[in-house]
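Residue-level structural notes
Chain residues, written in single-letter form:
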Amino acid sequence: MKLRMQITKDRDIRFISHLEYVRTIERAIRRAKLPAAYSEGFNPHMKFALASALGVGVVSYTEFVEIELYEDVDVKAAAEALDKALPRGIRVLMADHVDTHHAALMAQAAGAAYRVTLPFKDDIQEAVAKYNEAETLMFKKAAPKTKAGFKEVDVKFFIPELETIQEGDNTVFSFECKITPTGSMKAVDLLNALNEAYGLQLPVEMADIERLRLYRYAKNGKKIGMLNTDAIKLA
């Protein structure tokens, strides 16, 4: 069986790297003594994966880890054991089991919902309206591994629409972003693209970025959660 759990990356650990986040979870799985399966060969590794990599500095309430087990376990007991073994900053919120023949977790993730808060008081509704009306918005995204050092992407393909509200001295962006097998779009790249295209002065380095939801598509094309509706919730 596979154990799938919704976990967090809280503010306390928002600046650790994705690799360290993964290593922390792997150590916790061992401490929890879950019967995790391992690959074969000279360098066996634990069979577990996350749904989608999370950028440094981003808070998330909706990360997902999937662990392949060599024997069945009680889902609630396993989730509680892992929750106790995890350090401050990572919590287990919900848990469920999936059959081993189901598509891999990473292959199912289709999109994410974000909230981005910026200390910015200027009215940007005109720029947001232009963005929402535009068919495309090309942006040179950093790509250090390529010869050119960047690749040009269409921001609108990944983020079709933006919503913004003012909360005191802050501007709050809400949007959904596609996740594809070849990549996705970082919130900071969206903000930089807005600055470049519409002459804004959004303080990108001060952005408070939260990932609120990850979703997949059902066979009928409807967006659904990464867990079944009867998944177990931890107190």
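Every chain is numbered independently, its residues counted from 1 as its sequence is written. In keeping with the model being predicted, local features are shown solely for residues with a pLDDT of at least 70 and side-chain atom pairs are shown and tallied solely at 80 or more, while totals for entire chains, interfaces and linings include all residues. Hydrogens and water molecules were not included; the side-chain quantities draw on all heavy atoms of the structure.

**Observations regarding the pattern of salt bridges**
Pairing of side chains with opposite charge becomes possible as their charged atoms draw close. By convention in these notes, a salt bridge is any Lys or Arg side-chain nitrogen within 4 Å of a carboxyl oxygen on Asp or Glu. Tallied over the entire structure, the rule returns 13 salt bridges. A salt bridge links E63 to R211; its shortest N-O distance comes to 2.9 Å. Linking E63 in strand 3 (residues 59–68) with R211 in strand 10 (residues 208–217), this pair joins segments that are 148 residues apart in sequence. Of the two residues examined, E63 and R211, each falls in the buried class. Where K130 meets E126, a salt bridge forms, and the shortest distance between an N and an O atom there is 3.6 Å. One end of the pair, K130, and the other, E126, are both in helix 4 (residues 125–133), four residues apart, so they sit about a helical turn from each other. Helix numbers and strand numbers start at the N terminus; a helix is a DSSP run of H or I with at least 4 residues, a strand a run of E with at least 2. With a 1.4 Å probe rolled over the protein chains alone, any residue whose accessible area is under 20% of its type maximum counts as buried; one over 50% counts as exposed, and the rest are partly exposed.

**A look at the pairing of strand 5 (residues 111–118)**
Taken across its eight residues, strand 5 has seven buried, putting it largely inside the fold. Pairing analysis gives eight bridges linking strand 5 to strand 9 (residues 170–178), with the strands arranged antiparallel. Bridge pairing links T117 to V172 in strand 9. Looking at chain direction, strand 5 and strand 10 are connected through seven bridges and run antiparallel. Pairing between strands is defined by DSSP: at least two bridges between the two strands are required.

**Concerning the packing of aromatic side chains**
Any Phe, Tyr or Trp ring, taking Trp's six-membered ring, that has another such ring centre within 6.5 Å forms a pair; planes under 30 degrees apart are called stacked, those over 60 apart edge-to-face, and the others tilted. Enumeration according to the criterion identifies three aromatic pairs in this entry. Each ring, one from Y114 and one from F175, has its centre 5.5 Å from the other, and the planes form 20°; the classification is stacked. In this pair, Y114 is assigned in strand 5 and F175 in strand 9, connecting sequence segments 61 residues apart. For Y114, a relative accessible area of 10% gives the class buried.

**A few points about the side chain of R216**
Note on placement: R216 falls in strand 10. Neither His nor the chain termini are counted; the positive set is Lys and Arg, and the negative set is Asp and Glu. One buried charged residue, R216, remains without a salt bridge, the closest side chain of opposite sign being D96 at 6.8 Å. Separated by 3.3 Å, the side chains of R216 and Q108 make a polar contact. In protein, a polar contact requires one atom able to donate a hydrogen and another able to accept it; more generally it is a pair of N or O atoms within 3.5 Å, and residues adjacent in sequence count only if both atoms are side-chain atoms. Polar contacts involving the side chain of R216 include one to the main-chain carbonyl oxygen of G225, which spans 2.5 Å. Only heavy atoms enter the contact rule, under which two residues are in contact if any of them lie within 4.5 Å. Beyond its immediate chain neighbours, meaning those up to four positions away, R216 contacts R4, Q108, A110, K222, K223, I224, G225, M226, L227 and N228.

**Notes on helix 4**
All buried positions along helix 4 are accounted for by A127, V128 and Y131. Seen from one end, helix 4 has its buried residues packed into an arc of 100°, which puts them on one side. For helix 4, the exposed residues lying more than 90 degrees away from the buried face are E126 and E133. Looking at the packing, one finds that the buried side of helix 4 touches helix 5 (155–158), strand 8 (163–167) and helix 6 (187–198). Throughout, the arc means the angular range of directions from the helix axis out to the C-beta atoms.

**A closer look at the environment of A197**
Its place among the elements puts A197 in helix 6. Given the relative accessible area of 38%, A197 is considered partly exposed. Taking the C-alpha atoms as reference points, A197 and Y131, separated by 66 residues in sequence, lie 9.0 Å from one another.

**Notes on the layout of surface pockets**
In this analysis, the protein atoms alone were mapped onto a 1 Å grid. Cavities are point sets where a 1.4 Å probe fits without being able to get out; pockets are open sets with protein on both sides within 12 Å along at least five of seven lines; lining residues have an atom within 4 Å of a point. Grid points are joined across faces, edges and corners, and a volume is the space filled by probe spheres set on the points. Put simply, the largest pocket is a space of about 940 Å³. Around the largest pocket, the lining is made up of 35 residues, and of these S52, A53, L54, G55 and K186 lie nearest the centre. Secondary structure elements with two or more residues in the lining of the largest pocket: helix 1 (18–31), helix 3 (105–108), strand 5, helix 6 and strand 10. Under the scheme applied, nonpolar residues are Ala, Val, Leu, Ile, Met, Phe, Trp, Tyr, Cys and Pro; charged residues are Asp, Glu, Lys and Arg; polar residues are all the others, including Gly. Looking at the lining of the largest pocket, its residues break down into 22 nonpolar, eight polar and five charged.

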